[in-house]
Amino acid sequence: MFFYRPTAAQAWDDIQILQTAVGFGLLVRNMHRWAAHLMVLTVFLHMARVFYHGAYKPPREFNWVIGVMLLQLTLLLSFTGYLLPWDQLALWAVTVGTNMMGFTPVFGEQVRFVLLGGVEIGTDTLLRWYVLHVLMLPFVLVIFLAIHFWRVRKDGGISGPL
Amino acid sequence: MTEIPEHLRKRAEEARAKAAGESSSSPESEAPTTSGEASSTDEKIPAHLLDRGKAASDQSAPVESSDPGLGTGPDGNTQRLLAVVKSGSIQDTKATPVDKVHVWPHLLVIEFLAALGITLFTLLFSIFVNAPLLELADFNKTPNPSKAPWYFLGLQELLTMFHPMVAGVTIPGMGLILLVMAPYMDKNPSKRPEDRKFAISLMTVHLMFWAVLVMIGSFFRGPGFNFVFPWDAGLFFEL
(Lines give C-alpha, C1' and ligand atoms only; values in the text may rest on other atoms or scores of the structure.)
Protein backbone atom coordinates (compact mmCIF):
# COMPACT_ATOMS: atom_id res chain seq x y z
CA MET A 1 0.00 0.00 0.00
CA PHE A 2 3.02 2.25 0.38
CA PHE A 3 4.56 1.35 -2.95
CA TYR A 4 1.52 0.76 -5.11
CA ARG A 5 -0.84 3.19 -6.82
CA PRO A 6 -3.98 1.66 -8.36
CA THR A 7 -4.03 3.42 -11.70
CA ALA A 8 -3.56 1.92 -15.13
CA ALA A 9 -0.60 4.20 -15.74
CA GLN A 10 1.30 3.38 -12.55
CA ALA A 11 0.25 -0.01 -11.17
CA TRP A 12 2.44 -2.23 -13.30
CA ASP A 13 5.51 0.03 -12.89
CA ASP A 14 4.97 0.08 -9.14
CA ILE A 15 4.95 -3.71 -9.00
CA GLN A 16 8.09 -3.77 -11.13
CA ILE A 17 9.80 -1.32 -8.74
CA LEU A 18 8.48 -3.24 -5.74
CA GLN A 19 10.16 -6.37 -7.07
CA THR A 20 13.48 -4.80 -8.00
CA ALA A 21 14.10 -1.81 -5.75
CA VAL A 22 12.25 -2.51 -2.50
CA GLY A 23 13.97 -4.65 0.10
CA PHE A 24 12.41 -8.14 0.18
CA GLY A 25 9.72 -6.80 -2.13
CA LEU A 26 9.95 -9.73 -4.50
CA LEU A 27 9.94 -12.24 -1.65
CA VAL A 28 6.93 -10.69 0.03
CA ARG A 29 5.02 -10.48 -3.25
CA ASN A 30 5.85 -14.11 -3.97
CA MET A 31 4.61 -15.16 -0.54
CA HIS A 32 1.43 -13.13 -0.98
CA ARG A 33 0.73 -14.71 -4.34
CA TRP A 34 1.41 -18.31 -3.37
CA ALA A 35 -0.31 -18.04 -0.02
CA ALA A 36 -3.39 -16.69 -1.80
CA HIS A 37 -3.56 -19.72 -4.08
CA LEU A 38 -2.96 -21.99 -1.10
CA MET A 39 -5.81 -20.33 0.74
CA VAL A 40 -8.30 -20.93 -2.09
CA LEU A 41 -7.18 -24.55 -2.27
CA THR A 42 -7.36 -24.96 1.50
CA VAL A 43 -10.85 -23.50 1.72
CA PHE A 44 -12.06 -25.99 -0.91
CA LEU A 45 -10.40 -28.87 0.94
CA HIS A 46 -11.87 -27.70 4.24
CA MET A 47 -15.33 -27.64 2.70
CA ALA A 48 -14.88 -31.18 1.40
CA ARG A 49 -13.71 -32.40 4.80
CA VAL A 50 -16.63 -30.79 6.59
CA PHE A 51 -19.03 -32.36 4.13
CA TYR A 52 -17.56 -35.84 4.41
CA HIS A 53 -17.61 -35.63 8.20
CA GLY A 54 -21.27 -34.65 8.07
CA ALA A 55 -20.26 -31.66 10.15
CA TYR A 56 -22.86 -29.42 8.53
CA LYS A 57 -25.64 -31.31 10.31
CA PRO A 58 -27.46 -29.91 13.32
CA PRO A 59 -26.43 -28.00 15.34
CA ARG A 60 -23.91 -26.73 12.81
CA GLU A 61 -26.19 -25.84 9.85
CA PHE A 62 -25.80 -22.12 10.35
CA ASN A 63 -22.03 -22.34 10.51
CA TRP A 64 -22.00 -24.24 7.23
CA VAL A 65 -23.90 -21.35 5.65
CA ILE A 66 -21.33 -18.92 7.07
CA GLY A 67 -18.66 -21.20 5.64
CA VAL A 68 -20.14 -21.02 2.13
CA MET A 69 -20.15 -17.21 2.48
CA LEU A 70 -16.50 -17.36 3.50
CA LEU A 71 -15.74 -19.50 0.45
CA GLN A 72 -17.25 -16.86 -1.79
CA LEU A 73 -15.44 -14.07 0.03
CA THR A 74 -12.17 -15.95 -0.40
CA LEU A 75 -12.79 -16.31 -4.12
CA LEU A 76 -13.69 -12.64 -4.40
CA LEU A 77 -10.57 -11.60 -2.49
CA SER A 78 -8.42 -13.75 -4.72
CA PHE A 79 -10.13 -12.51 -7.87
CA THR A 80 -9.89 -8.81 -6.95
CA GLY A 81 -6.23 -9.26 -6.09
CA TYR A 82 -5.67 -10.92 -9.45
CA LEU A 83 -6.27 -7.67 -11.34
CA LEU A 84 -4.02 -5.40 -9.30
CA PRO A 85 -0.61 -6.12 -10.92
CA TRP A 86 -2.15 -4.85 -14.18
CA ASP A 87 -0.20 -7.19 -16.41
CA GLN A 88 -1.49 -9.19 -19.35
CA LEU A 89 -2.42 -12.10 -17.07
CA ALA A 90 -4.44 -9.84 -14.78
CA LEU A 91 -6.24 -7.95 -17.49
CA TRP A 92 -7.37 -10.91 -19.52
CA ALA A 93 -8.18 -13.24 -16.64
CA VAL A 94 -10.45 -10.56 -15.24
CA THR A 95 -11.89 -9.86 -18.68
CA VAL A 96 -12.90 -13.50 -18.98
CA GLY A 97 -14.33 -13.53 -15.46
CA THR A 98 -16.32 -10.32 -15.68
CA ASN A 99 -17.65 -11.10 -19.15
CA MET A 100 -19.19 -14.21 -17.65
CA MET A 101 -20.88 -12.22 -14.91
CA GLY A 102 -22.21 -9.86 -17.57
CA PHE A 103 -24.53 -12.66 -18.63
CA THR A 104 -26.51 -12.45 -15.41
CA PRO A 105 -30.16 -12.50 -16.51
CA VAL A 106 -32.17 -9.26 -16.57
CA PHE A 107 -29.60 -6.90 -15.05
CA GLY A 108 -26.37 -8.39 -16.43
CA GLU A 109 -25.23 -5.14 -17.99
CA GLN A 110 -25.66 -3.30 -14.71
CA VAL A 111 -23.79 -5.99 -12.77
CA ARG A 112 -20.89 -5.72 -15.15
CA PHE A 113 -20.97 -1.92 -15.04
CA VAL A 114 -20.85 -1.88 -11.24
CA LEU A 115 -18.03 -4.43 -11.19
CA LEU A 116 -15.92 -2.60 -13.72
CA GLY A 117 -16.80 0.94 -12.73
CA GLY A 118 -17.47 1.58 -16.42
CA VAL A 119 -18.19 -0.19 -19.63
CA GLU A 120 -14.71 -1.67 -19.87
CA ILE A 121 -11.82 -2.53 -17.59
CA GLY A 122 -9.60 0.45 -16.82
CA THR A 123 -8.28 2.68 -14.08
CA ASP A 124 -11.71 2.89 -12.51
CA THR A 125 -11.86 -0.89 -12.25
CA LEU A 126 -8.41 -0.95 -10.74
CA LEU A 127 -9.31 1.61 -8.07
CA ARG A 128 -12.58 -0.16 -7.32
CA TRP A 129 -11.02 -3.59 -6.96
CA TYR A 130 -8.11 -2.19 -4.97
CA VAL A 131 -10.47 -0.73 -2.38
CA LEU A 132 -12.43 -3.98 -2.33
CA HIS A 133 -9.24 -6.03 -1.97
CA VAL A 134 -7.52 -4.08 0.80
CA LEU A 135 -10.46 -2.64 2.69
CA MET A 136 -13.99 -3.87 2.21
CA LEU A 137 -13.58 -7.58 1.60
CA PRO A 138 -11.05 -8.06 4.45
CA PHE A 139 -13.39 -6.16 6.73
CA VAL A 140 -16.35 -8.37 5.83
CA LEU A 141 -14.16 -11.48 5.91
CA VAL A 142 -12.97 -10.76 9.45
CA ILE A 143 -16.55 -10.34 10.63
CA PHE A 144 -17.61 -13.63 9.05
CA LEU A 145 -14.48 -15.37 10.37
CA ALA A 146 -15.30 -14.18 13.87
CA ILE A 147 -18.84 -15.55 13.59
CA HIS A 148 -17.45 -18.78 12.11
CA PHE A 149 -15.06 -19.39 15.03
CA TRP A 150 -17.61 -18.28 17.59
CA ARG A 151 -20.07 -20.82 16.18
CA VAL A 152 -17.41 -23.54 16.20
CA ARG A 153 -17.07 -23.10 19.95
CA LYS A 154 -20.78 -22.59 20.52
CA ASP A 155 -21.73 -25.72 18.60
CA GLY A 156 -19.37 -27.92 20.53
CA GLY A 157 -16.05 -27.73 18.75
CA ILE A 158 -14.93 -29.23 15.50
CA SER A 159 -16.66 -32.37 14.41
CA GLY A 160 -15.22 -35.78 13.69
CA PRO A 161 -16.64 -38.33 11.28
CA LEU A 162 -18.72 -40.28 13.78
CA MET B 1 -13.69 -37.62 59.22
CA THR B 2 -17.28 -38.64 59.09
CA GLU B 3 -17.23 -42.12 57.64
CA ILE B 4 -14.15 -44.26 57.85
CA PRO B 5 -14.44 -47.29 55.59
CA GLU B 6 -15.01 -50.46 57.52
CA HIS B 7 -11.94 -52.32 56.28
CA LEU B 8 -9.68 -49.39 57.15
CA ARG B 9 -11.05 -49.13 60.62
CA LYS B 10 -10.61 -52.84 61.08
CA ARG B 11 -7.06 -52.70 59.86
CA ALA B 12 -6.26 -49.78 62.12
CA GLU B 13 -7.75 -51.55 65.08
CA GLU B 14 -5.77 -54.68 64.37
CA ALA B 15 -2.62 -52.67 64.14
CA ARG B 16 -3.39 -50.91 67.34
CA ALA B 17 -4.07 -54.18 69.08
CA LYS B 18 -0.85 -55.57 67.67
CA ALA B 19 1.09 -52.58 68.91
CA ALA B 20 -0.43 -52.87 72.31
CA GLY B 21 0.01 -56.62 72.57
CA GLU B 22 3.40 -57.37 71.20
CA SER B 23 6.43 -55.21 71.47
CA SER B 24 6.20 -53.55 68.12
CA SER B 25 9.04 -52.80 65.83
CA SER B 26 10.26 -49.37 64.81
CA PRO B 27 7.65 -46.65 64.23
CA GLU B 28 8.61 -46.18 60.55
CA SER B 29 7.60 -49.64 59.52
CA GLU B 30 4.34 -49.35 61.35
CA ALA B 31 3.32 -46.10 59.82
CA PRO B 32 2.13 -47.35 56.45
CA THR B 33 -0.16 -49.86 58.07
CA THR B 34 -2.00 -47.22 59.99
CA SER B 35 -2.21 -44.96 57.01
CA GLY B 36 -4.45 -47.56 55.49
CA GLU B 37 -4.42 -47.97 51.75
CA ALA B 38 -1.26 -49.36 50.25
CA SER B 39 1.66 -50.67 52.22
CA SER B 40 3.68 -50.73 49.04
CA THR B 41 4.06 -46.96 49.22
CA ASP B 42 6.82 -47.23 51.83
CA GLU B 43 9.51 -46.10 49.46
CA LYS B 44 7.45 -43.17 48.31
CA ILE B 45 7.41 -41.44 51.67
CA PRO B 46 9.98 -38.65 51.46
CA ALA B 47 12.89 -38.86 53.87
CA HIS B 48 12.18 -35.56 55.54
CA LEU B 49 8.65 -36.64 56.35
CA LEU B 50 9.98 -39.85 57.85
CA ASP B 51 12.37 -37.83 60.00
CA ARG B 52 9.58 -35.58 61.07
CA GLY B 53 7.49 -38.62 61.96
CA LYS B 54 10.37 -40.04 63.98
CA ALA B 55 10.85 -36.77 65.80
CA ALA B 56 7.17 -36.60 66.61
CA SER B 57 7.07 -40.13 67.87
CA ASP B 58 10.04 -39.45 70.13
CA GLN B 59 8.00 -36.91 72.02
CA SER B 60 5.71 -39.04 74.11
CA ALA B 61 2.77 -36.69 73.92
CA PRO B 62 0.07 -38.18 71.78
CA VAL B 63 -2.61 -35.66 71.00
CA GLU B 64 -5.28 -37.09 68.80
CA SER B 65 -5.28 -40.70 69.76
CA SER B 66 -8.38 -41.51 71.72
CA ASP B 67 -6.44 -43.67 74.14
CA PRO B 68 -2.90 -42.37 74.64
CA GLY B 69 -1.68 -45.46 76.36
CA LEU B 70 -2.82 -47.81 73.68
CA GLY B 71 -0.23 -46.91 71.10
CA THR B 72 2.65 -46.64 73.50
CA GLY B 73 5.34 -49.20 73.00
CA PRO B 74 7.46 -50.73 75.71
CA ASP B 75 10.22 -48.22 75.04
CA GLY B 76 7.82 -45.33 75.40
CA ASN B 77 7.62 -44.64 71.66
CA THR B 78 4.18 -43.97 70.29
CA GLN B 79 2.37 -44.20 67.05
CA ARG B 80 -0.49 -41.92 66.47
CA LEU B 81 -3.32 -42.33 64.06
CA LEU B 82 -3.49 -38.74 62.90
CA ALA B 83 -6.12 -39.18 60.28
CA VAL B 84 -7.55 -41.73 57.95
CA VAL B 85 -7.86 -39.99 54.66
CA LYS B 86 -10.55 -41.45 52.51
CA SER B 87 -9.08 -42.57 49.24
CA GLY B 88 -11.77 -40.78 47.31
CA SER B 89 -10.83 -37.34 48.48
CA ILE B 90 -7.21 -37.52 47.42
CA GLN B 91 -7.30 -39.83 44.44
CA ASP B 92 -10.44 -38.87 42.56
CA THR B 93 -10.28 -35.90 40.28
CA LYS B 94 -13.21 -33.62 40.89
CA ALA B 95 -14.31 -33.47 37.25
CA THR B 96 -15.63 -36.69 35.84
CA PRO B 97 -13.44 -37.65 32.89
CA VAL B 98 -14.86 -36.79 29.49
CA ASP B 99 -13.30 -37.03 26.03
CA LYS B 100 -12.62 -33.29 25.91
CA VAL B 101 -9.48 -31.31 26.46
CA HIS B 102 -8.88 -27.60 26.74
CA VAL B 103 -8.42 -25.49 23.63
CA TRP B 104 -5.32 -24.04 25.21
CA PRO B 105 -2.84 -25.65 25.06
CA HIS B 106 -4.02 -28.82 23.35
CA LEU B 107 -5.47 -27.30 20.18
CA LEU B 108 -3.70 -23.95 19.98
CA VAL B 109 -0.22 -25.43 20.23
CA ILE B 110 -0.97 -27.70 17.29
CA GLU B 111 -2.47 -24.84 15.33
CA PHE B 112 0.48 -22.60 16.11
CA LEU B 113 2.90 -25.25 14.91
CA ALA B 114 0.82 -25.75 11.77
CA ALA B 115 0.91 -22.00 11.14
CA LEU B 116 4.68 -21.99 11.59
CA GLY B 117 4.98 -24.92 9.22
CA ILE B 118 2.86 -23.41 6.48
CA THR B 119 4.67 -20.07 6.83
CA LEU B 120 7.99 -21.82 6.47
CA PHE B 121 6.73 -23.69 3.43
CA THR B 122 5.45 -20.47 1.81
CA LEU B 123 8.73 -18.72 2.59
CA LEU B 124 10.86 -21.45 1.09
CA PHE B 125 8.60 -21.84 -1.92
CA SER B 126 8.65 -18.07 -2.48
CA ILE B 127 12.43 -17.95 -2.34
CA PHE B 128 12.68 -20.42 -5.19
CA VAL B 129 9.58 -19.72 -7.30
CA ASN B 130 8.70 -16.22 -8.43
CA ALA B 131 5.13 -15.01 -8.82
CA PRO B 132 4.35 -14.28 -12.45
CA LEU B 133 4.41 -10.72 -13.69
CA LEU B 134 3.80 -10.64 -17.43
CA GLU B 135 4.22 -7.57 -19.58
CA LEU B 136 2.08 -4.50 -19.08
CA ALA B 137 -1.62 -4.94 -19.73
CA ASP B 138 -2.42 -4.18 -23.35
CA PHE B 139 -5.95 -4.06 -24.69
CA ASN B 140 -4.69 -4.54 -28.23
CA LYS B 141 -2.89 -7.80 -27.53
CA THR B 142 -5.30 -10.52 -26.49
CA PRO B 143 -3.26 -13.47 -25.27
CA ASN B 144 -4.21 -16.75 -26.84
CA PRO B 145 -5.60 -18.51 -24.93
CA SER B 146 -7.03 -16.07 -22.36
CA LYS B 147 -7.69 -17.89 -19.16
CA ALA B 148 -9.44 -16.96 -15.94
CA PRO B 149 -7.81 -17.74 -12.56
CA TRP B 150 -7.56 -21.48 -12.03
CA TYR B 151 -10.54 -21.77 -9.67
CA PHE B 152 -12.77 -20.27 -12.39
CA LEU B 153 -11.40 -22.49 -15.14
CA GLY B 154 -14.13 -25.03 -14.47
CA LEU B 155 -16.65 -22.33 -15.32
CA GLN B 156 -14.68 -21.31 -18.37
CA GLU B 157 -14.65 -24.96 -19.38
CA LEU B 158 -18.44 -25.01 -19.07
CA LEU B 159 -18.49 -22.03 -21.45
CA THR B 160 -17.35 -24.34 -24.22
CA MET B 161 -20.48 -26.43 -23.74
CA PHE B 162 -23.25 -24.04 -22.72
CA HIS B 163 -24.57 -20.59 -23.33
CA PRO B 164 -22.63 -18.07 -21.19
CA MET B 165 -25.66 -17.39 -19.03
CA VAL B 166 -25.99 -21.06 -18.17
CA ALA B 167 -22.26 -21.64 -17.68
CA GLY B 168 -21.38 -18.39 -15.97
CA VAL B 169 -24.42 -17.66 -13.86
CA THR B 170 -27.02 -20.42 -13.69
CA ILE B 171 -24.79 -23.40 -12.94
CA PRO B 172 -22.49 -21.71 -10.37
CA GLY B 173 -25.50 -19.93 -8.87
CA MET B 174 -27.42 -23.18 -8.50
CA GLY B 175 -24.30 -24.83 -7.13
CA LEU B 176 -23.87 -22.20 -4.44
CA ILE B 177 -27.56 -22.28 -3.51
CA LEU B 178 -27.46 -26.07 -3.25
CA LEU B 179 -24.32 -25.86 -1.10
CA VAL B 180 -25.96 -23.37 1.25
CA MET B 181 -29.08 -25.52 1.43
CA ALA B 182 -27.18 -28.76 2.04
CA PRO B 183 -27.82 -28.96 5.82
CA TYR B 184 -31.49 -28.16 5.33
CA MET B 185 -32.04 -30.71 2.55
CA ASP B 186 -29.97 -33.54 4.04
CA LYS B 187 -32.21 -34.49 6.95
CA ASN B 188 -30.36 -37.72 7.68
CA PRO B 189 -29.18 -37.29 11.27
CA SER B 190 -26.39 -39.85 11.08
CA LYS B 191 -22.80 -38.79 10.57
CA ARG B 192 -21.53 -42.31 9.97
CA PRO B 193 -20.22 -42.72 6.44
CA GLU B 194 -22.03 -46.02 5.97
CA ASP B 195 -25.37 -44.34 6.70
CA ARG B 196 -24.95 -41.55 4.19
CA LYS B 197 -23.84 -43.31 1.05
CA PHE B 198 -26.11 -41.20 -1.14
CA ALA B 199 -24.92 -37.83 0.17
CA ILE B 200 -21.29 -38.86 -0.03
CA SER B 201 -21.64 -40.25 -3.55
CA LEU B 202 -23.44 -37.13 -4.72
CA MET B 203 -20.81 -34.80 -3.26
CA THR B 204 -17.94 -36.91 -4.56
CA VAL B 205 -19.38 -36.98 -8.07
CA HIS B 206 -19.73 -33.20 -8.08
CA LEU B 207 -16.31 -32.54 -6.55
CA MET B 208 -14.67 -34.88 -9.03
CA PHE B 209 -16.65 -33.36 -11.89
CA TRP B 210 -15.47 -29.93 -10.82
CA ALA B 211 -11.85 -30.99 -10.31
CA VAL B 212 -11.77 -32.63 -13.73
CA LEU B 213 -13.20 -29.51 -15.38
CA VAL B 214 -10.62 -27.31 -13.63
CA MET B 215 -7.81 -29.63 -14.66
CA ILE B 216 -8.98 -29.78 -18.26
CA GLY B 217 -9.31 -26.01 -18.32
CA SER B 218 -5.89 -25.57 -16.74
CA PHE B 219 -3.73 -28.06 -18.53
CA PHE B 220 -5.58 -29.33 -21.60
CA ARG B 221 -6.64 -26.08 -23.25
CA GLY B 222 -4.34 -24.39 -25.73
CA PRO B 223 -4.65 -21.59 -28.28
CA GLY B 224 -8.25 -20.82 -29.16
CA PHE B 225 -9.17 -22.76 -26.00
CA ASN B 226 -8.88 -25.88 -28.10
CA PHE B 227 -8.22 -29.21 -26.48
CA VAL B 228 -4.50 -30.02 -26.46
CA PHE B 229 -2.29 -32.43 -24.60
CA PRO B 230 0.20 -30.60 -22.38
CA TRP B 231 2.95 -33.06 -23.31
CA ASP B 232 2.49 -32.22 -26.99
CA ALA B 233 1.65 -28.54 -27.08
CA GLY B 234 3.15 -27.38 -23.79
CA LEU B 235 1.46 -25.73 -20.84
CA PHE B 236 -0.80 -22.73 -21.24
CA PHE B 237 -1.24 -22.01 -17.59
CA GLU B 238 -0.20 -19.15 -15.35
CA LEU B 239 -1.00 -18.93 -11.68
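Basis of the calculations
- Residues numbered from 1 in each chain as written.
- Chains lettered and ligands numbered in written order.
- Predicted model: local features only at pLDDT ≥ 70, side-chain atom pairs only at ≥ 80, totals over all residues.
- Helix = DSSP H or I, 4+ residues; strand = E, 2+ residues; numbered from the N terminus.
- Buried ≥ 20, exposed ≤ 12 C-beta atoms within 10 Å, placed from the backbone.
- Contact = placed C-beta atoms within 7 Å.
- Domains from an automatic or database assignment.
- Nonpolar A, V, L, I, M, F, W, Y, C, P; charged D, E, K, R; others polar.
- Axes fitted to C-alpha atoms, helices over the stretch in contact; angles between N-to-C directions.
- Parallel < 35°, antiparallel > 145°, perpendicular 65-115°, else oblique.
- Arc of directions from axis to C-beta.

Draft legend 1. Structural view of the overall build of chain B. The secondary structure content of chain B amounts to nine helices and zero strands. Ordered by position in the sequence, the α and β elements of chain B form the string α-α-α-α-α-α-α-α-α. Expressed as a percentage of its 239 residues, the buried residues of chain B come to 15%. Contacts in chain B between residues far apart in sequence, at least 24 positions, make up 46% of those at least 6 positions apart.

Draft legend 2. Geometry of the domain arrangement of chain B. Along its sequence, chain B is organised into domain 1 (6–91), domain 2 (101–130) and domain 3 (135–233). Spacing between the C-alpha centres of domain 2 of chain B and domain 3 of chain B amounts to 30 Å.

Draft legend 3. Up close: the interface of chain A and chain B. Taken together, the 47 residues of chain A in the interface contact 45 residues of chain B. Taken together, the elements giving at least two residues each to the side of chain A that touches chain B come down to α1 (11–20), α2 (25–52), α3 (61–83) and α4 (88–101) of chain A. Split by residue class, the side of chain A that touches chain B holds 32 nonpolar, ten polar and five charged.

Draft legend 4. Highlighting the environment of Val94 of chain A. All names here are of chain A. With respect to the helices and strands, Val94 occurs in helix α4. Exposure remark for Val94: the 25 C-beta atoms within 10 Å place this residue in the buried category. Spatially, the C-alpha atoms of Val94 and Ile121 are 8.5 Å apart, while their sequence positions differ by 27 residues.

Draft legend 5. Quick peek at the packing of α3 of chain A against α4 of chain A. Residues and elements named next belong to chain A. Interaxial distance between α3 and α4 falls to 7 Å at its minimum, and their mutual angle equals 135°. Between α3 and α4, the crossing angle belongs to the class labelled oblique. Across the interface between the two elements, Phe79, Tyr82 and Leu83 of α3 pack against Ala90, Ala93, Val94 and Gly97 of α4. Of the residues belonging to the contact of α3 with α4, the class tally is six nonpolar, one polar and no charged.

Draft legend 6. Examining α1 of chain A more closely. Residues and elements named next belong to chain A. Three or more residues of α1 are buried, namely Ala11, Trp12 and Ile15. When α1 is viewed along its axis, its buried side chains cluster within an angular range of 100° and face the same direction. Of the surrounding secondary structure, the elements contacted by the buried residues of α1 are α6 (123–154).

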